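One letter stands for each residue in the lines below.
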Amino acid sequence: QVQLVESGGGLVQAGGSLRLSCAASGSIFSIRAMGWYRQAPGKQRELVATVASGGSTNYADSVKGRFTISRDNAKNTMYLQMNRLKPEDTSVYYCNAEGGSYGSLFWGRGTQVTVSS
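Residues numbered from 1 in each chain as written. Predicted model: local features only at pLDDT ≥ 70, side-chain atom pairs only at ≥ 80, totals over all residues. Heavy atoms only, no water.

Draft legend 1. Region of interest: the state of the cysteines. Tallied over the entire structure, the rule returns 1 disulfide. What pairs with C22 in a disulfide is C95, and their sulfur atoms sit 1.9 Å apart. Looking down the S-S bond of the C22 and C95 bridge, the torsion is -75°, so its handedness is left-handed. Here C22 is found in strand β3 (residues 18-26), whereas its partner C95 is found in strand β9 (residues 91-99), with 73 residues between them in sequence. Exposure class is identical for C22 and C95. Each is buried. (Disulfide = S-S within 2.5 Å. Helix = DSSP H or I, 4+ residues; strand = E, 2+ residues; numbered from the N terminus. Buried < 20%, exposed > 50% of the residue type's maximum accessible area, 1.4 Å probe, protein only.)

Spelled out as structure tokens, the structure:
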């Protein structure tokens, strides 16, 4: 119903910046909230940030003040601007969307972010 494709991951030095994008297609009219999650090797997947259809945002404590989530509904695209990156930010970052009549969850395949020290 909804397809999500992440892009923008890569290798960056500590203190650098990176911007991730998530392009949505399919039944995009049904999407409500969207968010970014990340999962490092040996760790559980964790919430990074969310943005509701109305624009309200929430962030994990570990990224507050450094990351900014945004959403361009006209382009069906969500972004995650990551500044002052730290080695502990190294993870696979996943795009998530919630929507539909039953609150279904949709996931992208992930994009690797590696921060070198």
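Draft legend 2. Here's a closer look at the pairing of strand β5 (residues 46-51). Two elements, strand β4 (residues 31-39) and β5, share 5 bridges in a ladder whose sense is antiparallel. Looking across to β5, one finds that W36 is bridged to A49. In this structure, the hairpin formed by β4 and β5 is closed by a connection of 6 residues, where G42 is found at a positive phi of approximately 80°. With 3 bridges joining them, β5 and strand β6 (residues 57-59) adopt antiparallel strand pairing. By the bridge assignment for β6, V51 is matched with T57. Linking β5 to β6, which pair antiparallel, is a turn of 5 residues; within it G55 sits at a positive phi near 105°. (Pairing = 2+ DSSP bridges.)

Draft legend 3. Spotlight on the pattern of salt bridges. Summed over all chains, the structure comprises 5 salt bridges. Among the salt bridges present, the one from R32 reaches E98, with a minimum N-O distance of 2.7 Å. One end of the pair, R32, is in strand β4; the other, E98, is in strand β9, and 66 residues separate them in sequence. A relative accessible area of 37% places R32 in the partly exposed class. Overlapping salt bridges bring together R38, E46, R66 and D89 as one network. (Salt bridge = Lys/Arg side-chain N within 4 Å of Asp/Glu carboxyl O.)

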